[in-house]
Amino acid sequence: MREFVRGAPWWTEDGRVTRADPADRARLPGDTWERAGLPAGVRLEFTAHGVSEVKITYTASPPSAADSYRDAPPVFTLLAGEAATDTPASPGKHRTLLQLPAHDGEFTLHLPEALRPVLHDVRPVSGTLTPAARQPRWLVYGDSIAEGWSVSRPHLAWPARAGRALGVETVNLGYAGAARGELASAEQLAALEADLITLAFGTNCWSRTPHSAGLLYETTRAFLALVRRGHPEVPLLVVSPVLRPDAETTPNALGATLRDLRTAVERAARDAGADLLPGGELLNAGHLVDGVHPGDEGHELLAKAVAAAQAP
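As the structure is a prediction and not an experimental result, all values here were calculated from the model. (Residues numbered from 1 in each chain as written. Predicted model: local features only at pLDDT ≥ 70, side-chain atom pairs only at ≥ 80, totals over all residues. Heavy atoms only, no water.)

Student: Can you walk me through the environment of valine 171 in this structure?
Tutor: Position of valine 171 among the secondary structure elements: in strand E13 (residues 169-174). Note on valine 171: relative accessible area 0%, which makes it buried. Here the alpha-carbon distance between valine 171 and proline 312, two residues 141 residues apart in the chain, equals 19 Å. (Helix = DSSP H or I, 4+ residues; strand = E, 2+ residues; numbered from the N terminus. Buried < 20%, exposed > 50% of the residue type's maximum accessible area, 1.4 Å probe, protein only.)

Student: Would you explain the packing of aromatic side chains in this entry?
Tutor: What describes a pair of aromatic rings is the distance from one ring centre to the other and the angle between the planes of the rings. In total, this model carries eight aromatic pairs according to the counting rule given. The interplanar angle of 75° and the centroid separation of 5.1 Å between the aromatic rings of tyrosine 58 and phenylalanine 76 together place this pair among those described as edge-to-face. Placement of tyrosine 58 in strand E5 (residues 53-60) and of phenylalanine 76 in strand E6 (residues 75-80) is noted, with a sequence separation of 18 residues between them. Considered together, tyrosine 58 and phenylalanine 76 belong to a single accessibility category, that of buried residues. Relative to tyrosine 175, the ring of tyrosine 141 lies with its centre 6.1 Å away and its plane at 70°, an arrangement referred to as edge-to-face. With tyrosine 141 in strand E12 (residues 137-142) and tyrosine 175 in the loop between E13 and helix H4 (183-191), this residue pair connects regions lying 34 residues apart in the sequence. Judged by relative accessible area, which is 0%, tyrosine 141 ranks as buried. One cation-aromatic arrangement involves arginine 2 over tryptophan 11; the distance from NZ or CZ to the ring centre is 3.9 Å. (Phe/Tyr/Trp six-rings, centres within 6.5 Å; stacked < 30°, edge-to-face > 60°. Lys NZ or Arg CZ within 6 Å of the ring centre and 35° of its normal.)

Student: So what exactly am I meant to see when it comes to the packing of helix H5 (residues 213-230) against helix H6 (residues 258-272) here?
Tutor: Describing two packed helices takes the angle between their axes plus the distance from one axis to the other. Two numbers describe how H5 lies on H6: the axes approach to 8 Å, and their chain directions differ by 35°. As for how H5 packs across H6, the hand of that crossing is right-handed. Judged by residue contacts, Ala213, Leu216, Tyr217, Thr220, Arg221 and Leu224 of H5 engage Asp260, Leu261, Ala264, Val265, Arg267, Ala268, Ala269, Asp271 and Ala272 from H6. Classifying every residue of the contact of H5 with H6 by side-chain character gives ten nonpolar, one polar and four charged. (Axes fitted to C-alpha atoms, helices over the stretch in contact; angles between N-to-C directions. Left-handed = near helix turned anticlockwise from the far one by under 90°. Contact = heavy atoms within 4.5 Å. Nonpolar A, V, L, I, M, F, W, Y, C, P; charged D, E, K, R; others polar.)

Student: Quick question: what am I supposed to make of the nonpolar core here?
Tutor: Nonpolar side chains in soluble globular proteins tend to be buried together. Of all hydrophobic cores here, the largest spans 37 residues; its most connected members are Tyr141, Leu189, Ile197, Leu199, Phe223, Leu236 and Val238. Secondary structure elements with two or more residues in this core: helix H1 (30-36), E12, E13, H4, strand E14 (196-200), H5, strand E15 (236-239) and H6. Ranked by residue count, the leading element in this core is H5, at five residues. The next biggest cluster of nonpolar side chains, apart from the first, holds 25 residues, and it includes Ala48, Ala60, Phe107 and Val122. (Core = buried A, V, L, I, M, F, W, Y, C linked by side-chain atoms within 4.5 Å.)

Student: I keep staring at unusual backbone geometry and nothing clicks. Help me out?
Tutor: Leaving glycine aside, a negative phi is the common case for residues, and trans is the common case for peptide bonds. Even without a glycine there, the phi angle at arginine 116 is positive, about 45°. Turning to its location among the elements, arginine 116 is positioned in the loop between strand E9 (105-110) and strand E10 (118-124). Backbone geometry places alanine 179, a non-glycine residue, at a positive phi of 55°.

Student: Teacher, can you tell me more about the sheet that holds strand E16 (residues 275-277) here?
Tutor: What links the strands of a sheet is backbone hydrogen bonding, and the strands pair in either a parallel or an antiparallel sense. As summarised here, the arrangement of the five strands in space is E13-E12-E14-E15-E16, forming an open sheet in which the pairing is parallel. Only two strands of the sheet have a single neighbouring strand rather than two, namely E13 and E16. The mean inter-strand angle of the sheet, taken between neighbouring strand axes irrespective of direction, is 20°. Bridge analysis of E14 against E15 gives three bridges, and the strand direction is parallel. Pairing of threonine 198 across the sheet is with leucine 237, part of E15. The strands touched by H4 within the sheet are E12, E13 and E14, with E12 carrying the most contacts at an inclination of about 175°. (Pairing = 2+ DSSP bridges.)

Student: What should I look at first to understand the sheet that holds E5 in this one?
Tutor: What the three strands build is an open sheet, ordered E8-E5-E10; its pairing is antiparallel. Each end of this open sheet is capped by a strand with a single partner; those strands are strand E8 (92-99) and E10. Here the average twist between neighbouring strands, direction ignored, is 15°. One ladder, built from eight bridges, connects E5 with E8; its direction is antiparallel. Bridge pairing links alanine 60 to glycine 92 in E8.

Set out below in structure tokens:
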């Protein structure tokens, strides 16, 4: 079954995907580790030959208190190109049948992320499934926006959309409420195989864990330096924080506005020689569903901008 799985950087001993290194758990903040248990962006990719149905056996958990606020329904989403078909999922141990719209072709199956499912078996009712060919690996580090907090389906998050456009295997390392440039996370990125890297953090440094502009500049420089130790030649793109109207001109506890923090991230990226995509003008307030997180349209705009900036 694991031969079909893509976007899974680590596994726990009990067979769960985790998006942070279990061996390094002691160095991670609790909120980072909690979000790492959500299989954001993890999917199955396969080619079907003579298959009309796929049987999946899985065990799922009720959504956490945080994930109960997400709008995405608990479904498996099967993609044939960009055409999507949903199959409901629920907590508990289940066997479910997925109907394939065509007997032969390439498919991607996104998981009901909020249920944190453990897949036990994936097999065709008839015919054969073969794993999709491996693609170049793209690591995306960021916060709730990268995690896909506010999209209606996981495959519509900007890393997933941009990854399909770029033809790469996206590994989503977005951690809602976290991703403040923790150096343990930088070293974990440095240790992973990567062909492309994108970093998109800084918003949670305004209020959740207040940073001054100077502190975020040095944090970003240190984060980039550690990532570069593992990937000295890999293309590296920094996306500075996108619009957040309530924070743009409002000082945090250390006197920094989000504009100040955005400038600090951009200056650090330039000084480190990384590629830069300024985030402040990519969205407007109408793209935000709650004043902070973009909806599907906003994620589509971000995906197009990142794919264009990250393309060779």
